[in-house]
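Residue-level structural notes
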Amino acid sequence: MRRVYLDNNATTAVAPEVFEAMTPYLLEDFGNASSIHWYGQRAKAAIEVSREQLARLLSARPSEVVFTSGGTESDNAALVGIVEAARSEKKHVITTTIEHNAVLHTAKALEKRGVRVTYVSVGASGIVNPKDVEKAIEPDTVLISVMHSNNELGTLQPLEEIGRIAREHDVYFHTDAVQSVGKVPINVEKLGVDLLSLSAHKLHGPKGVGALYIRRGTALHPLLYGGHHERDHRPGTENVPGIVGLGKAAELASEHGTNDALQIGALRNRLEEGILKSVPLTSVIGDRSRRVPGTTNISFEYIEGEGFLIAMDLRGIACSTGAACSSGSLEPSHVLTAIGRREQARSSIRFSLGRFNTAEDIDVTLEILPRVVEQLRSLSPHYKKIAVTI
Ligand SMILES: *Cc1c(COP(=O)(O)O)cnc(C)c1O
């Protein structure tokens, strides 16, 4: 059976170039980067090359890049680190209702420690209004955290405007850019961010490694305590093969960026338009003009998302319901709920494309999908009642 992978926002395949770059650091160049001898120095040098590759992708300085175990750790480190380093007694943090759980659940944990958190709400567009962020600022606000693009909708957030607001009010600004790095150009200066989280496995790198950009001069307490690795920001023996893989993935993203975006965007549009045209009672959730190229979230009325996923999977096509991370849970997606689409949350499907998707993938999907929808709808008594009218 031909398999089609349309779940690149959950994770991506490691690029062959990334795999090739990593293997020496699992085999002959296995040294501990803190060791003085030749083995250690080989590992250390490789880490510094990766830091430069990643810094170039972000338009940051290499000294502002700290390697972590992934997006979740970077988000935790940013939120907890800023709050702990803040001198004021009372502390306030601003974030949004559509963040990834790596931010939302960290914010909830901070609330239990006495930190006040404002969750700015977001309308049906899936794009936060910067004015709402500004209105939420209080005298003791220490941090604003707004994601760069949303993992369920693909919607890009107005970070430059929020960055300006944060600067005007002298508040630190963090962004979870896990779903944007490698997909759209990222320039930390232009965005005006002080902290930025990213994860290798979302940009054709390996799992279990990521990074946090920390602007020079940002007061941040570490999450972990131990040795002096990563300039005391992140102790622990470095994941050298993983870091090398992340560096290579970043280099590939710098090289392929625009081409990838054009190709992936064209395929996404072809898939989206194909579905909207061939399947009745479908609509795209969230703003369609301000999105990353590879993501679309489509609501299929009279379809139950989990059943659809399984039926598609049986035919070789992998996609996702809005709530990828909480699959198996019966809770509807917090993102769709937050933007007022709770009633559509159970019937909406996220398709997310990556560098390795082809036109044939889309053709196969467009051939199979309408039949799956028709079959599932034919089992729905509600659909049967209205079917005669369309
Ligand atoms: C995947 C993801 C994360 C978590 O990254 P991990 O490396 O898997 O821990 C955080 N934020 C967003 C928006 C994501 O899509």
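Quick caveat, the model's predicted, so the values are computed rather than measured. (Residues numbered from 1 in each chain as written. Predicted model: local features only at pLDDT ≥ 70, side-chain atom pairs only at ≥ 80, totals over all residues. Heavy atoms only, no water.)

Re the domain arrangement of the protein
The condition is simple: An automatic or database domain assignment supplies the start and end points of every domain. Contacts: residue pairs with any heavy atoms within 4.5 Å of one another. Two parts placed together each lose some accessible area; with a 1.4 Å probe, that loss summed over both constitutes the buried area. Each reported salt bridge corresponds to a side-chain nitrogen of Lys or Arg within 4 Å of a carboxyl oxygen of Asp or Glu. Pairs of N or O atoms are called polar contacts if they sit within 3.5 Å, as long as, within protein, a hydrogen donor faces a hydrogen acceptor (for residues adjacent in sequence, only side-chain-to-side-chain pairs). What counts as a helix is a DSSP run of H or I of at least four residues, what counts as a strand is a run of E of at least two, and both are numbered from the N terminus. Think of it as three bins: nonpolar holds Ala, Val, Leu, Ile, Met, Phe, Trp, Tyr, Cys and Pro, charged holds Asp, Glu, Lys and Arg, and polar takes everything else, Gly as well.
As assigned here, the protein comprises domain 1 (4-11 + 257-387) and domain 2 (16-253). Listed as interface residues are 29 residues of domain 1 and, on the opposing side, 31 residues of domain 2. At the boundary of domain 1 with domain 2, total buried surface from both sides reaches about 2,500 Å², with 53% on carbon and sulfur atoms. At the surface where domain 1 touches domain 2, the tally comes to zero salt bridges. Taken together, domain 1 and domain 2 are joined by 14 residue pairs in polar contact (both at pLDDT 80 or more). Mapped by element, the contributors of at least two residues to the side of domain 1 that touches domain 2 are α8 (240-278), β10 (295-300) and α10 (334-338). Counting residues per element, the side of domain 1 that touches domain 2 draws most heavily on α10, which supplies four residues. Class assignment for the residues of the side of domain 1 that touches domain 2 results in 12 nonpolar, 11 polar and six charged.

Observations regarding the nonpolar core
Considering soluble globular proteins, one finds that nonpolar side chains tend to be buried as a cluster. Convention followed: To define a nonpolar core, start from buried Ala, Val, Leu, Ile, Met, Phe, Trp, Tyr and Cys residues and group those joined through side-chain atoms within 4.5 Å. Here's how the labels work: a residue is buried when its accessible area is under 20% of the maximum for its type, exposed when over 50%, partly exposed in between, all with a 1.4 Å probe on protein chains only.
Grouped together as the largest cluster of nonpolar side chains are 62 residues, with contacts concentrated most on Leu54, Leu58, Ile144, Val181 and Leu196. No other element matches α8, which puts eight residues into this core. When residues of this core are sorted by domain, at least three fall in each of domain 1 (4-11 + 257-387) and domain 2 (16-253).

Some points on the packing of helix α9 (residues 305-314) against helix α12 (residues 359-378)
Condition: Note on geometry: axes are lines fitted to C-alpha atoms, helical ones only across the stretch in contact, with angles between N-to-C directions running from 0 to 180 degrees. Convention used here: angles under 35 degrees read as roughly parallel, angles over 145 as roughly antiparallel, angles from 65 to 115 as roughly perpendicular, and any remaining angle as oblique. Helix crossings get a hand from a simple test, with the near helix turned counterclockwise from the far one by less than a right angle marking a left-handed crossing and a clockwise turn marking a right-handed one.
Where α9 meets α12, the axes come as close as 10 Å, and the angle between the chain directions of the two elements is 135°. Here α9 is positioned oblique relative to α12, judged by the angle of their axes. Where α9 crosses over α12, the two elements pack in a sense that is right-handed. Facing Gly307, Phe308, Ala311 and Met312 of α9, the residues of α12 in contact are Thr365, Ile368, Leu369, Val372, Val373 and Leu376.

Quick notes on the sheet that holds strand β13 (residues 348-352)
To be explicit about the condition: Here, strands pair whenever DSSP counts at least two bridges between them.
As summarised here, the arrangement of the four strands in space is β9-β10-β13-β12, forming an open sheet in which the pairing is antiparallel. The open sheet has two edge strands with one neighbour each: β9 (282-284) and β12 (320-321). Bridging between β12 and β13 involves two bridges; their strand directions are antiparallel. Residue pairing for β13: Ser320 is matched across the bridge by Arg350. Packing against the sheet, α8 makes contact with β9, β10 and β13, and its axis sits at approximately 10° to β10.

Structural notes on the pattern of salt bridges
By the definition in use, this model includes 22 salt bridges. Put simply, Glu48 and Lys44 hold a salt bridge, and the shortest N to O gap is 3.8 Å. Taken together, the residues Glu48 and Lys44, both in helix α2 (residues 38-58) and four residues apart, mark about one turn of the helix. When its relative accessible area of 38% is taken as the criterion, Lys44 is described as partly exposed. Of the charged contacts in the structure, one is a salt bridge between Arg51 and Glu230, with a shortest N-O distance of 2.9 Å. With Arg51 in helix α2 and Glu230 in the loop between β8 (210-214) and α8, this residue pair connects regions lying 179 residues apart in the sequence.

Structural notes on the site of the ligand
Put simply, the rule reads: Residue proximity to a molecule or strand is established when one non-hydrogen atom of the residue lies within 4 Å of it.
Close to the ligand lie 13 residues, the nearest being Thr72, Asp176, Gln179, Ser199 and Lys202. Here an oxygen atom of the ligand and a side-chain polar atom of Gln179 are 2.7 Å apart. By residue number, the principal contributor to the shell around the ligand is helix α3 (residues 71-85), which donates three residues. Residues that form the shell around the ligand fall into these classes: two nonpolar, eight polar and three charged.

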